[in-house]
Every structure is written in structure tokens, then in C-alpha cells.
Amino acid sequence: PSFWTVIPAAGIGSRMRADRPKQYLPLGGRTILEHTLDCFLGHPRLKGLAVSLAADDPYWPQLPCAGDGRILRAAGGSERADSVFNALQLLAGQGADASDWVLVHDAARPNLARADLERLLAELADDPVGGLLAVPARDTLKRADADGRVRQTVDRSVVWLAYTPQMFRLGALRQALGDALAAGVAITDESSAMEWAGQAPRLVEGRADNLKITRPEDLEWLARRWAGD
Ligand code: CTP
Ligand code: MG
């Protein structure tokens, strides 16, 4: 099978409270999205890459990579799952096979280590379902009530944080996402769609610093690290 990449980049970044969607904020002299694309472009195993963009996105055309013929442009949707689904449809129309693998990676995760990407590809190559990079919970976990009072300490050993890339077969993922969207189920990553379809995706331990830029302090932290590298 071939390997394809989907980068959903059609969000507005409301929690970032910046003057533009967070994927277009600068990090070390370039935009976050350019760093993210660099993690995949030119990788010898990956056949093609689709990026989902908002219809009226004024920032993308200004990037040098907007003219890169290797990048397919898919339509963003109202939720992340819609953006990913649109990109899967586009890849299918470009000749991708149902049994091909698709790696879905958030535009807002510019710090994916090559070693993590390689481990994901290697560990899932023969997997019947696929899976995702994930990080074991480190802190003691509390379940709270609506008043913000601790009601229970949760067993940390069974809790993981879901990261990306998430890697599934194109046909199975398209079916699961399409069905979940049609059913109105809340889906924030590909694994949840596959779980909803009755599958048990495999966890592949990754580095915690492949964090998703969500709030201003995430970018401040990464910018400091980037400057120190
Ligand atoms: N995303 C997308 N289409 C959407 C919503 C999100 O392609 N309709 C993308 C974002 O651009 C981001 C990734 O999905 O790369 C992860 O989503 P998230 O971190 O939630 O980004 P935003 O939705 O942009 O941020 P927020 O939820 O704070 O508004
Ligand atoms: Mg969001």
C-alpha cells in the first residue's frame, strides 16, 4: 500500500486569541504550518499530501509552499472531522486506494520528531487497524464534580493523551468519519471515529513535545525551545 498525509489547517484558533489562525503565526522565522508541512514533504515513504484550508483563507497564498506542486488543497469544513473527511475524498479522487494508509496530522503540531514519525510507520505497518502517537499521562489525575471539587483519583496507568499523526486505512477511516459525521457524533480525532466504528486503535508512545499549539503559552514555550536549539 501507499502512504498519504492529510494536514487539517482550516481552524480559526479561537483559544489562541491571536490576530490570525494559529497555523499562520510565526515560529523561528516561518509559520507554524510551514514547519508542520516540512515534517512530511520529501519523506521517501509518503506518496502525496493534502492540506485542508478554509475557503477564504488569505494567508495560504502568501506562503512560498502555496506553489508547491506536491501539495493538494482540500476544502476545510465546519469541524476538524469535516476538514479531514474532505481531504480523504480528494485523495480517493487522486487515485489513492481504500487499502492505502493515511497519516492525519494537526497543522498546529510543528514539532513532530522524525524518529516519532518513523516509529509510527514501523510499528503500524502490519497492524490490522492502525493507531496513533500518544503520550502516557504523567500527572496524578483527578475526576471533578461541577463545583470543581475532587471526587476521585483516576488510575493514571490506563490514561494516554492522544497526539498525531494518527494512521489508518483510507477506506476504513473515510467510512468511520463519514458515518460518525452523519450520526452527529462529536469527533475530535480520527481514533474516536474508529473507536465509534468498533475498532481498537493501537497506541504508539511518542514524545510529549509534539504538542498541539492550543493556547498562547504553548507557542511561547515552543518558541523558547526553538530559539535554544
Ligand atoms: N481544524 C480544521 N478544520 C476545522 C477545525 C480545526 O482543519 N474546522 C484543524 C486546525 O487548523 C488544527 C487542527 O484541526 O490544525 C486541530 O484543531 P484545534 O487545535 O482545535 O484548532 P482550532 O480549531 O483552529 O482552534 P480552536 O479550537 O481553539 O478554535
Ligand atoms: Mg478546534
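Residues numbered from 1 in each chain as written. Chains lettered and ligands numbered in written order. Predicted model: local features only at pLDDT ≥ 70, side-chain atom pairs only at ≥ 80, totals over all residues.

So, helix α2 (residues 80-93)
Between its first and last C-alpha atoms α2 spans 20 Å; for 14 residues at 1.5 Å apiece the expected length is 20 Å, and the two agree. Among the residues of α2, those classed as buried are A81, S83, V84, F85, A87, L88 and L91. Here the buried face of α2 lies against β1 (3-8), β4 (46-53), β5 (71-75), β6 (101-104), α4 (170-183) and α5 (190-196). G95 sits one or two residues past α2 and shows a positive phi near 100°. (Helix = DSSP H or I, 4+ residues; strand = E, 2+ residues; numbered from the N terminus. Expected span 1.5 Å × (residues − 1). Buried ≥ 20, exposed ≤ 12 C-beta atoms within 10 Å, placed from the backbone. Contact = placed C-beta atoms within 7 Å.)

Comments concerning the UniProt feature "site: Transition state stabilizer" (unreviewed entry) in the protein chain
When the UniProt feature table is mapped onto this chain, "site: Transition state stabilizer" (unreviewed entry) is found at R15 and K22. Assignment of secondary structure puts R15 in the loop between β1 and β2 (26-27). Classification of R15 by C-beta neighbours within 10 Å gives partly exposed; the count is 13. Sequence-distant contacts of R15, that is, excluding residues within four places in its chain, are made with T214 and R215. Mapped onto the elements of the fold, K22 is located in the loop between β1 and β2. When sequence neighbours within four positions are dropped, the list of residues in contact with K22 reads G13, M16, I32, A108 and I213. (UniProt positions renumbered as here; feature names shortened; annotations may be inferred.)

Digging into the site of ligand 1
Around ligand 1 sit 22 residues, and of these P8, G11, S14, R15 and S83 come closest. Classifying every residue of the shell around ligand 1 by side-chain character gives seven nonpolar, 10 polar and five charged. (Near = placed C-beta within 6 Å. Nonpolar A, V, L, I, M, F, W, Y, C, P; charged D, E, K, R; others polar.)

Topic: the packing of α2 against α4
Running from N to C, α2 and α4 cross one another at 140°; their axes reach a closest spacing of 10 Å. When the axis of α2 is compared with that of α4, the two are oblique. Handedness of the crossing formed by α2 with α4: left-handed. Note on element contacts: α4 touches α2 through L170, L173, R174, L177, G178, A180 and L181, opposite A81, D82, V84, F85, L88, L91 and A92. (Axes fitted to C-alpha atoms, helices over the stretch in contact; angles between N-to-C directions. Parallel < 35°, antiparallel > 145°, perpendicular 65-115°, else oblique. Left-handed = near helix turned anticlockwise from the far one by under 90°.)

Some details on the environment of Q62
Within the secondary structure, Q62 is located in the loop between β4 and β5. Through-space distance from the C-alpha of Q62 to that of L25 is 13 Å; in sequence the pair is 37 residues apart.

Concerning the pairing of strand β10 (residues 160-169)
Counting buried positions over the 10 residues of β10 gives seven, a clear majority of the element. Bridging between β6 and β10 involves four bridges; their strand directions are antiparallel. Across the sheet, residue V104 finds its bridge partner in β10, namely Q166. The sheet contact formed by strand β7 (residues 130-136) and β10 spans six bridges and is antiparallel. Note that in β10 the partner of A134 across the bridge is A162. (Pairing = 2+ DSSP bridges.)

Some thoughts on the UniProt feature "site: Positions MEP for the nucleophilic attack" (unreviewed entry) in the protein chain
Within the UniProt annotation, "site: Positions MEP for the nucleophilic attack" (unreviewed entry) is assigned to R156 and K212. Counting through the fold element by element, R156 comes out in the loop between β9 (150-154) and β10. Setting aside anything within four residues of it in sequence, one finds R156 in contact with A137, T140 and L141. Take K212: there are 17 C-beta atoms within 10 Å of it, and that puts it in the partly exposed class. Other than its neighbours up to four places away in sequence, K212 contacts D106, A108 and R109.

Some thoughts on the sheet that holds β1
An order of β5-β4-β1-β6-β10-β7-β11 is seen for the seven strands of this open sheet, with the pairing classed as mixed. The two strands at the open ends of the sheet, each matched to only one other strand, are β5 and β11 (202-205). Pairs of neighbouring strands in the sheet enclose a mean axial angle of 30°, with direction left out of account. Seen against the sheet, helix α3 (residues 114-124) touches β7, β10 and β11 and runs at an angle of roughly 145° to β11. Here α4 sits on the sheet in contact with β6 and β10, set at roughly 120° to β10.

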